[in-house]
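Observations on the model geometry
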Amino acid sequence: MKKLASILTAAALAATMGLGLSACTPEESADGVSLRGISGATDITPAAEIDYFVAAEPAVTTRANATGLHIVGDIQELYGSENGYPQAVIVAKNELVSLNADFVQDFLEEVIANEAWLESASAQTVLDAITANLPAGSTPTFTANNLNAQVIANCGIHFVPAYEDKERVTAFLAEMAEVDPTSVGTVSDNFFNGGDWTTSGGSDEISVYAPDGAPALALAKLMSENNQFNQTSVDYNIVASSTIQSYVTGDDPAADICILPLNAASKLLGSGQTYTMLGTVTNGNLYILSESEEEITAQNIKELLTGKTVGVIQLAQVPGLTFKIILDKYGIPYETVG
């Protein structure tokens, strides 16, 4: 009987492969999660072949409202640390920190105050602040149709000083390296600013850059009020996320202060020779959507996701890497099927 069962199983698998269906075997699908890359927000729609979707704000709320899908899982909560996972960090040139410590301290005080400001500011005020500092003719990530108080709250804006966040940052980088060793770089102790600054004179013209999207929210108050900090002239720039690394590289990097994804910062600036990490500013904005309304928690995630197909936006990039970290954390095997 066992031999017959094996023959039937093999025949069924061969038939499946012959029909050109997924190379993932029935046994693999039943034991773990099938991951399917989706190209954009418009792909987040009820589909027979996809049970769950993983995406970032503002796409999550926008597509939930447009399609009737439900937000059923919070990747930040599933990660398990107090603030979620460190997504984007703010760095400053070492020269700026050493020569203009007063400015850096005042600047960070406003970054810290920004979190409370976001809770009371109108979505339009936030949108206006970001839009005013975008390159002419560019299309912003946030619009009047997709930015609201809930989306802002879902973007995980919270500043944690580098000297307090070193353990969490290094742990997350190690987890990303386990998923994809090429996705991160090595960070030295010099990368993490210790907060012990001396005061002296420095530049009176400072350029600040951040990628459009959630990281831009970390500077919304400063841009809305056009904070210039006494005699210092600050030029705020919100740029496409695909170009942000160009502002911290080269012989004479344009950005005195920059917000960029943690993994990119580790690869480009991890030595601490040119820039120092001042702190973490965003702590994740990834969520899980489904037609089902059953909430995914740490207690039931393995049960609910096993045997299911999950569509992940930017599967090969940070969103996909982060979701794979979550699956590893809960001992859920996964296979990429498309």
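Quick caveat: nothing in here was measured; it's all calculated off a predicted structure.

Conventions and cut-offs
Residues numbered from 1 in each chain as written. Predicted model: local features only at pLDDT ≥ 70, side-chain atom pairs only at ≥ 80, totals over all residues. Heavy atoms only, no water. Pairing = 2+ DSSP bridges. Helix = DSSP H or I, 4+ residues; strand = E, 2+ residues; numbered from the N terminus. Axes fitted to C-alpha atoms, helices over the stretch in contact; angles between N-to-C directions. Buried < 20%, exposed > 50% of the residue type's maximum accessible area, 1.4 Å probe, protein only. Contact = heavy atoms within 4.5 Å. Polar contact = N/O pair within 3.5 Å; in protein donor to acceptor, adjacent residues only side chain to side chain. pLDDT = per-residue confidence, 0-100. Salt bridge = Lys/Arg side-chain N within 4 Å of Asp/Glu carboxyl O.

Moving on, we get to the sheet that holds strand S6 (residues 205-211). Ordered by their spatial adjacency, six strands build an open sheet running S5-S9-S4-S8-S6-S7, and the pairing between neighbours is mixed. In the strand order of this sheet, the two ends are held by strand S5 (157-161) and strand S7 (233-239), each with one partner. Pairwise comparison of adjacent strand axes, ignoring direction, gives a mean angle of 25° for this sheet. The sheet contact formed by strand S4 (residues 88-93) and strand S9 (residues 275-282) spans six bridges and is antiparallel. The residue bridging Val-89 from the neighbouring strand is Thr-280, located in S9.

Buried residues dominate helix H12 (residues 262-269), accounting for six of its eight residues. For H12, the set of buried residues is Leu-262, Asn-263, Ala-264, Ala-265, Ser-266 and Leu-269. Contact partners of the buried residues in H12: S4, helix H9 (162-179), strand S8 (257-261), S9 and helix H14 (318-329).

Of note, Lys-324 is situated in helix H14. With sequence-adjacent residues up to four places away left out, Lys-324 is seen in contact with Leu-35, Val-179, Leu-315, Tyr-334 and Thr-336.

Mapped onto the elements, Thr-282 comes out in strand S9. In terms of polar contacts, Thr-282 uses its side chain to reach the backbone amide nitrogen of Ala-88, at 3.2 Å. Apart from the residues within four sequence positions on either side, Thr-282 is in contact with Tyr-85, Pro-86, Gln-87, Ala-88, Cys-155, Gly-156, Ile-157, His-158, Ala-214 and Pro-215.

Quick look at the confidence of the model for the protein chain now. Taken over all residues, the pLDDT of the protein chain has a mean of 89, while the share at 70 or more is 88%. Taken together, the stretch residues 1-29 has pLDDT below 50 and engages in 17 contacts with residues farther than four places along the chain or on a different chain.

What follows deals with the sheet that holds strand S11 (residues 309-313). Read from one edge of the open sheet, six strands run S3-S10-S2-S11-S1-S12, paired in mixed fashion. Two strands in the sheet have a free side with no partner beyond their single neighbour: strand S3 (70-74) and strand S12 (334-336). Strand-to-strand twist in this sheet, taken as the mean axis angle between neighbours without regard to direction, amounts to 30°. Strand direction decides the pairing type here: strand S2 (residues 52-56) and strand S10 (residues 286-290), joined by five bridges, are antiparallel. Pairing of Phe-53 across the sheet is with Leu-289, part of S10.

Here the focus is the pattern of salt bridges. Under the definition given, this model contains five salt bridges. Note that Asp-256 and Lys-93 form a salt bridge whose closest N and O atoms lie 3.8 Å from each other. A residue pair is termed long-range when its members are at least 10 positions apart, and Asp-256 in the loop between S7 and S8 and Lys-93 in strand S4 qualify at 163 residues. A single burial state applies to Asp-256 and to Lys-93, both of which are buried. For the salt bridge of Lys-221 with Glu-225, the shortest nitrogen-to-oxygen distance reads 3.0 Å. Classification of Lys-221 by relative accessible area gives buried; the value is 12%. The exposure class of Glu-225 is partly exposed, given its relative accessible area of 39%.

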